[in-house]
Amino acid sequence: MRVDEVKELTAALCLEANFEARSDVKKHLQQALAVEKNPSARSAIEQLLANIETARESRLPLCQDCGYITVFAEVGQNVDFDGPLVEAIQAGVIAGYEQGHLRQSVIRHALSARAEPEKEQPAKVYIDLVPGDALRLTVMPKGGGSDNACHLKMMRPTASEDEIADFVVASVGETGVNACPPLIIGVAIGGSFDSVALGAKKTLLRNIGELSKDPAARALEERLFKEVNELGIGAAGLGGAATALGVAVDVGPTHMACLPVAVNISCNQLRSAAGEL
Amino acid sequence: MSRPTIEIKEISTPFTADAIESLQAGDVVSLSGIVYTARDQAHKRLCRALEAGEDLPVDLRGQTLYYAGPAPPPPGAVIGSIGPTTSARMDPFTPLLLEYGVRAMIGKGNRSAATRAAIAATGSIYLTATGGAAAYLSQFIVEAAVVAYDDLGPEAVRRLELKGMPLVVGIDSQGRSALWPDCL
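Rules and cut-offs
Counting restarts for each chain: residues are numbered from 1 in the order of the written sequence. Written order determines the labels here, with chains lettered from A and ligands numbered from 1. A pLDDT threshold of at least 70 governs which residues receive local features in this predicted model, and a stricter bar of 80 or more applies before side-chain atom pairs are shown or counted, although totals over entire chains, interfaces and linings include all residues. Hydrogen atoms and water are omitted, and side-chain values are computed over all heavy atoms in the structure. In this description a helix means any DSSP run of H or I spanning at least four residues, a strand means any run of E spanning at least two, and both kinds are numbered starting from the N terminus. To get the radius of gyration, use the C-alpha atoms; to get the globule rule, take the number of residues to the power 0.38 and multiply by 2.2 Å. We call a residue buried when its accessible area falls under 20% of the maximum for its residue type, exposed when it is over 50%, and partly exposed in between, using a 1.4 Å probe and counting protein chains only. Any two residues whose heavy atoms approach within 4.5 Å at even a single point are treated as in contact. By definition here, a salt bridge exists when the distance from a side-chain nitrogen of Lys or Arg to a carboxyl oxygen of Asp or Glu is within 4 Å. Any pair of nitrogen or oxygen atoms within 3.5 Å is treated as a polar contact; in protein, a donor-acceptor pairing is required on top of that, and neighbouring residues in sequence qualify only through side-chain atoms on both sides. Note that Gly is not counted as nonpolar here; it falls among the polar residues with everything else outside the nonpolar set of Ala, Val, Leu, Ile, Met, Phe, Trp, Tyr, Cys and Pro and the charged set of Asp, Glu, Lys and Arg. The nonpolar core is taken to be a set of buried Ala, Val, Leu, Ile, Met, Phe, Trp, Tyr and Cys residues, with the residues joined through side-chain atoms within 4.5 Å. What counts as a domain boundary in this text is fixed by an automatic or database domain assignment. Here a cavity denotes grid points, spaced 1 Å and computed from the protein atoms alone, that fit a 1.4 Å probe unable to get out, and a pocket denotes an open set having protein on both sides within 12 Å along at least 5 of 7 lines; residues with an atom within 4 Å of a point are the lining. Grid points are joined across faces, edges and corners, and a volume is the space filled by probe spheres set on the points. Like charges within 9 Å and nonpolar side chains (Val, Leu, Ile, Met, Phe, Trp, Tyr) within 5 Å are joined into patches, using only residues over 30% in relative accessible area that form no salt bridge. We get accessible surface area from the Shrake-Rupley algorithm with a probe of 1.4 Å; when it comes to residues, only the shown protein chains can shield them. Summed over both partners, buried area is the accessible surface (1.4 Å probe) that two parts give up on being assembled.

### Structural notes on the overall build of chain B
Right, on to step 1. Counting its regular elements, chain B contains five helices and seven strands.
Right, on to step 2. Scanning chain B from its N terminus toward the C terminus, one meets helices and strands in the order β-α-β-α-β-α-β-α-β-α-β-β.
Right, on to step 3. Relative to the 2.2 N^0.38 estimate, which gives 16 Å for 184 residues, the radius of gyration of chain B is 16 Å and therefore close to what a compact globule would have.
Right, on to step 4. Scored against the burial criterion, the 184 residues of chain B give a buried share of 57%.

Right under this line is the structure:
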């Protein structure tokens, strides 16, 4: 496989993710508008729907914060590349962000001069080796304001479902207003301290409203969706019915002494784009 | 189905004390006039300058700050996408800036108790814009120019001229809030 094609695909996905709203996000915003009664929250949702149109028609990014850029690469183990893969992905991100006049929000060093953008490796790239001979890329930019709203807790392994649900709902109550509601909430339970956070982010790649196949996870999704919306935060934090457009839960194996729970809170501009070579 | 209509108040900067006093938490407004962008790093620099007794690079007394850092403008555009960033991050700096003379702020989300108290004590106002509507909101900006801290890139202080930007009064000059959970 030619790495210049990888670069081109990555650049195209960066543009798509930033200019074209996900169809599930648009659909759920429309549904939220249909049920929202608070006039100022309705007006906020109308602005978000207009934003989707403006972004596409005027080629302006959906959000000024073009995000911390994550690229998930599922690499078929039979694929031979004619050059370095990760460099090609990074070069594609740089090219896409330049072409699209996208704001490079990633800075070079977390503790140094804040204005200096990271020019060589702006994206965090995760590689999964999978069977086959294809490459699947998913580009996922995420804004800083909503990333600041995320939570992670190493709970007791004997914690009840009530305690887990309370932690998630309290997390949304604590930071949801600041994270550009209506929100999309990704929860992972299990794994380890490091993997649970990544797992929570990955649940945001699921279609909004698509429930888990795991019965326990599914029950939590339904419960959390109801309880989070009962908080009444509403669009733009002005109070209302639409606090969350969706809640996705993933449950996996973990250590017998542990119960890691991560809550990734996405803003209303949940962005991702995927493609294959 | 009929929906309640919203009364939209047209307001403009710089704000008079009377204009600020007439606005109440939850009012929907349409804002025109000059505002200045300033976010995290600009706040840090402005407050350092004030603490050192230095003049600010722009006279912000009586002015309005917009917590925002735009995307680069596409060719021919006044500005790129620009929406509010999280106001809470400016809270540690806000009381000093209000004491200095900043009169209004535009952002998104809640403010700290100290900021809210400072808003009431100085007769200032906090307006909120819809977070996540950056492409849409950029259409209400008719002029933009960097006026300080150019080296900060998107975080530089920009002078923006707004024409009819839709906002909501988040915290009024009495310190009342229209934001969750106070809105319940």
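Picking up where we left off.
### Describing the interface of chain A and chain B
Right, on to step 1. Of the residues lining the interface, 39 residues belong to chain A; the matching set on chain B comes to 46 residues.
Right, on to step 2. For the interface between chain A and chain B, the tally reads zero salt bridges.
Right, on to step 3. Our enumeration of links across chain A and chain B arrives at 15 residue pairs in polar contact (both at pLDDT 80 or more).
Right, on to step 4. Top element by residues in the side of chain A that touches chain B is helix H3 (residues 39-58) of chain A. It accounts for 11 residues.
Right, on to step 5. Partitioning the side of chain A that touches chain B into residue classes produces 18 nonpolar, 16 polar and five charged.

### Brief notes about the nonpolar core
Right, on to step 1. By size, the foremost hydrophobic cluster in this structure holds 79 residues, and its most contacted members are B:Leu31, B:Tyr66, B:Ile106 and B:Leu127.
Right, on to step 2. The element that contributes the greatest number of residues to this core is strand E7 (residues 157-171) of chain B, accounting for eight residues.
Right, on to step 3. Residues from two domains meet in this core; each of domain 1 (3-16 + 62-142) and domain 2 (145-270) of chain A gives at least three.
Right, on to step 4. Sequence-distant contacts of B:Ile106, that is, excluding residues within four places in its chain, are made with B:Leu31, B:Val35, B:Thr64, B:Leu65, B:Tyr66, B:Tyr67, B:Tyr126, B:Leu127, B:Ala129, B:Leu162 and B:Leu167.
Right, on to step 5. Counting 29 residues, the second-largest nonpolar core is a separate cluster that includes A:Val168, A:Ala217, A:Leu231 and B:Trp180.

### Brief notes about empty space enclosed by the protein
Residue and element names in this part refer to chain A.
Right, on to step 1. Overall, the coordinates contain three cavities of 30 Å³ or more when judged by the stated rule.
Right, on to step 2. Empty space within the largest cavity amounts to approximately 90 Å³.
Right, on to step 3. Residue lining of the largest cavity: 14 residues in total, with Asn207, Ile208, Gly209, Val247 and Ala248 positioned closest to the centre.
Right, on to step 4. Among the secondary structure elements, those contributing two or more residues to the lining of the largest cavity are strand E5 (183-191) and strand E6 (244-254).
Right, on to step 5. In terms of residue count, the dominant contributor to the lining of the largest cavity is E6 (three residues).
Right, on to step 6. Split into classes, the residues belonging to the lining of the largest cavity amount to seven nonpolar, four polar and three charged.
Right, on to step 7. Within this model, the second largest cavity holds a volume of roughly 50 Å³.
Right, on to step 8. Sort the elements by how many residues they give to the lining of the second largest cavity and strand E3 (residues 135-142) lands first, with three residues.

### Details of a nonpolar patch on the surface
Right, on to step 1. Taken together, the side chains of A:Leu152, A:Met154 and A:Phe193 present a nonpolar region at the surface, about 290 Å² in accessible area.
Right, on to step 2. The topology assignment puts A:Met154 in strand E4 (residues 151-155).

### Looking at the side chain of B:Asp27
Residues and elements named next belong to chain B.
Right, on to step 1. Here Asp27 lies in the loop between helix H1 (17-21) and strand E2 (28-37).
Right, on to step 2. The buried category is assigned to Asp27, whose relative accessible area is 16%.
Right, on to step 3. Within polar-contact distance, the side chain of Asp27 engages the side chain of Lys9 at 3.0 Å.
Right, on to step 4. Leave out the neighbours within four places in its chain, and Asp27 touches Lys9, Ser22, Leu167, Val168 and Val169.

### A look at the domain arrangement of chain A
Residues and elements named next belong to chain A.
Right, on to step 1. According to the domain assignment, chain A contains domain 1 (3-16 + 62-142) and domain 2 (145-270).
Right, on to step 2. Taking only C-alpha atoms, the centre of domain 1 and the centre of domain 2 are 26 Å apart.
Right, on to step 3. Counting residues at the interface gives 10 residues for domain 1 and 14 residues for domain 2.
Right, on to step 4. Carbon and sulfur atoms supply 67% of the area buried between domain 1 and domain 2, which totals about 910 Å² over both sides.
Right, on to step 5. When the buried surface of domain 1 facing domain 2 is broken down by residue, Phe72, Met140 and Lys142 rank first, second and third, together holding 62% of it.
Right, on to step 6. Between domain 1 and domain 2 we count two salt bridges in total.
Right, on to step 7. Here Lys142 makes a salt bridge to Asp147, at a shortest N to O gap of 2.9 Å.
Right, on to step 8. Of all the secondary-structure elements, those providing two or more residues to the side of domain 1 that touches domain 2 are strand E1 (68-76), strand E2 (123-130) and E3.

### Let's talk about the layout of surface pockets
Right, on to step 1. Looking at the second largest pocket, its volume works out to about 340 Å³.
Right, on to step 2. For the second largest pocket, the lining is made up of 24 residues, of which A:Ser43, A:Ala44, A:Gln47, B:Ile6 and B:Val28 are closest to its centre.
Right, on to step 3. Looking at the lining of the second largest pocket, the element that brings in the most residues is H3(A), giving seven residues.
Right, on to step 4. Residues belonging to the lining of the second largest pocket are distributed by class as follows: 14 nonpolar, seven polar and three charged.

### Regarding unusual backbone geometry
Residue and element names in this part refer to chain A.
Right, on to step 1. Cis geometry is found at the peptide bond from Pro181 to Pro182, where omega equals 5°.
Right, on to step 2. By the secondary structure assignment, Pro182 is in the loop between helix H6 (161-175) and E5.
Right, on to step 3. The backbone of Cys180 sits at a positive phi, close to 65°, despite the residue not being glycine.
Right, on to step 4. Examined against the element boundaries, Cys180 turns out to sit in the loop between H6 and E5.

### Here's the deal with the pattern of salt bridges
Residues and elements named next belong to chain A.
Right, on to step 1. Summed over the entire model, instances satisfying the criterion amount to 26 salt bridges over all chains.
Right, on to step 2. For the salt bridge of Asp4 with Arg2, the shortest nitrogen-to-oxygen distance reads 2.9 Å.
Right, on to step 3. For Lys226, the salt bridge identified is with Glu230, shortest N-O distance 3.2 Å. A residue pair is termed a helical-turn pair when its members lie 3 or 4 positions apart in one helix, as Lys226 and Glu230 do in helix H8 (residues 215-230) at four residues.
Right, on to step 4. Taking relative accessible area as the criterion, Glu230 reaches 53% and is therefore assigned exposed.

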